[in-house]
Amino acid sequence: MATGFGGEVATYYARHRRGYPPEVVDALAAAFRLGGDDTVVDLGCGTGQLSLPLADRVGAVIGVDPEPDMLAIARRTAVERGTTNATWVLGGDSDVPALSRLLGGRTVGALSVAVAIHFMDRDALFEAARPLLRSGGGIAVVTNGEPLWMQDTEWSLALRECLERMLGHSVTGRCQTDEDGRRRNREALVQAGYRYEETSVRYEAPLTVDDMVGGVFSAMSAEQLPPPEQRAAFAADVRDALGGVDVVTERVTVRLQYGIAAS
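Keep in mind that this is a model prediction, so the values were computed, not measured.

Conventions adopted
- The numbering scheme is per chain: residues are counted from 1 as the chain's sequence reads.
- Local features in a predicted model are, by the rule used here, given only for residues with pLDDT of at least 70; side-chain atom pairs are given and counted only at 80 or more, and totals for whole chains, interfaces and linings are based on all residues.
- For the side-chain quantities, the full set of heavy atoms in the structure was used; hydrogens and water were omitted.
- Runs of H or I in DSSP of at least four residues are treated as helices and runs of E of at least two as strands, each being numbered from the N terminus.
- Working definition: with a 1.4 Å probe on protein chains only, accessible area under 20% of the residue-type maximum means buried, over 50% means exposed, and in between means partly exposed.
- We call two residues in contact when some of their heavy atoms are within 4.5 Å.
- Polar contacts, as used here, are pairs of N or O atoms within 3.5 Å; protein pairs need one atom able to donate a hydrogen and one able to accept it. Residues neighboring in sequence count only if both atoms are side-chain atoms.
- Under the convention used throughout, the expected extent of a helix is 1.5 Å for every residue step, that is, one less than its residue count.
- Strands were regarded as paired on the criterion that DSSP finds at least two bridges between them.
- The axes are straight lines fitted to the C-alpha atoms, using for helices just the contacting stretch, and the angles between their N-to-C directions are given from 0 to 180°.
- Any carboxyl oxygen of Asp or Glu within 4 Å of a side-chain nitrogen of Lys or Arg constitutes a salt bridge here.
- Neither His nor the chain termini are counted; the positive set is Lys and Arg, and the negative set is Asp and Glu.
- Handedness is read with the strands pointing away from the viewer; a crossover is right-handed when the path from the first strand over the helix to the second is clockwise.

**Some words on the environment of I139**
Looking at the secondary structure, you find I139 in strand β5 (residues 133-144). Exposure remark for I139: the relative accessible area of 0% places this residue in the buried category. Separated by 117 residues in the primary sequence, I139 and L256 have C-alpha atoms spaced 9.9 Å apart. Aside from chain neighbours lying at most four places away, what touches I139 is F32, L111, F126, A129, L133, L189, Y194, Q257, Y258 and G259.

Spelled out as structure tokens, the structure:
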């Protein structure tokens, strides 16, 4: 996995990235028959948007991320909400074999990768995870909607145009949330010997201009983050482009792709 999402970027991530509705955790729990005796590994956990709601449903969650600042915020959030069954580990996808040796074989109910698979070597990861997973457990690759700047709405188009003016070049990145990215996940899971399933959860939620702007900055590395005065100018540009509207409705499709380990 890449690093560089520390400092202010981690703070933007914690404040402005969407969490997951209960229906997503329900779907994960049903897919792998998760319960109070299970351990879940959330790989690329960020600031805990998926790790923490999962912790309410299973015996233990291990959040793994290569960025110390992300983990520090996740740990602090867990303490604030009274979550006592989450452990935070500095690492990435290449550390899964070591994690398997540490935890023991076939001891994990699920390994989740939420909005981070594009940083990972999926082929190596899916193969390396197999010895870790119990029968009926598996891997879940989760995408929490399309990037804010790539959605098929007027507000998203306006945001993308503002972002391109700030950066000085076109913006087309989808973070592998599109069909091509899902195809890569599907093919790699099948190739690694998993039984493949998929589902989705759709919901609508308000999206403020502050969250649009913060969401954009949360997707940049610390080296790419513009200086404060340019960030303020970008926020003002977005507000102007939206005609003074401060809140829009985002229609989110959470896509869940499962690789289920053989029974």
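So much for the structure itself; the text now carries on.
**A word on the side chain of Q257**
Mapped onto the elements, Q257 comes out in strand β7 (residues 247-260). The buried category is assigned to Q257, whose relative accessible area is 3%. There is a polar contact of 2.9 Å between the side chain of Q257 and the backbone oxygen of R182. Those residues in contact with Q257 that lie beyond four places of it in its chain are I139, A140, V141, R182, N185, R186, Y196, E197 and E198.

**Observations regarding helix α7 (residues 154-167)**
Residue pairs three or four apart in sequence face the same way in an α-helix, which turns once every 3.6 residues. Here α7 is 14 residues long and its end C-alpha atoms lie 20 Å apart, about the 20 Å a rise of 1.5 Å per residue gives. What α7 keeps buried is the set W155, S156, A158, L159, R160, C162, L163 and M166. Tucked inside the fold, the buried residues of α7 contact β6 (195-208), α9 (209-218), α10 (228-241) and β7.

**Considering the sheet that holds strand β2 (residues 60-65)**
Strand order across the open sheet formed by seven strands is β3-β2-β1-β4-β5-β7-β6, with mixed pairing between neighbours. Each end of this open sheet is capped by a strand with a single partner; those strands are β3 (86-90) and β6. Within this sheet the neighbouring strands show an average axis-to-axis angle of 20 degrees, counted without direction. Direction of pairing for strand β1 (residues 39-43) relative to strand β4 (residues 108-114): parallel, over a ladder of four bridges. In the strand pairing of β4, V41 is matched with L111. Packing against the sheet, helix α8 (residues 179-191) makes contact with β5, β6 and β7, and its axis sits at approximately 15 degrees to β7.

**Quick notes on the pattern of salt bridges**
With the rule as written, the count across this model stands at 17 salt bridges. Between R57 and D26 there is a salt bridge whose closest N-O contact spans 2.7 Å. With R57 in the loop between α3 (51-55) and β2 and D26 in helix α2 (residues 22-32), this residue pair connects regions lying 31 residues apart in the sequence. Residue R57 is classed as partly exposed on the basis of its relative accessible area, which comes to 36%.

**Considering the side chain of R160**
Within the secondary structure layout, R160 lies in helix α7. Despite its burial, R160 pairs with no opposite charge; the closest candidate is E164, at 4.5 Å N-O. Not counting residues up to four positions away in its chain, the partners in contact with R160 are W149, M150 and V171.

**Side note on the pairing of β5**
Of all the twelve residues making up β5, eleven are buried; the element is thus mostly covered by neighbouring parts of the structure. Of the strand pairs in this sheet, β4 and β5 are connected by six bridges, and their pairing is parallel. By the bridge assignment, L111 is partnered in β5 with I139. Regarding topology, helix α6 (residues 122-129) serves as the crossover connection from β4 to the parallel β5, and that connection is right-handed. Direction of pairing for β5 relative to β7: antiparallel, over a ladder of seven bridges. Of the residues in β7, the one forming a bridge with V142 is L256.

**Observations concerning the environment of F119**
Tracing the chain through its elements places F119 in the loop between β4 and α6. The exposure class assigned to F119 is partly exposed, which follows from its relative accessible area of 31%. Placed 60 residues apart in sequence, F119 and E179 show a C-alpha to C-alpha distance of 17 Å.

The quantities given are spatial measurements derived from coordinates; they are silent on function.
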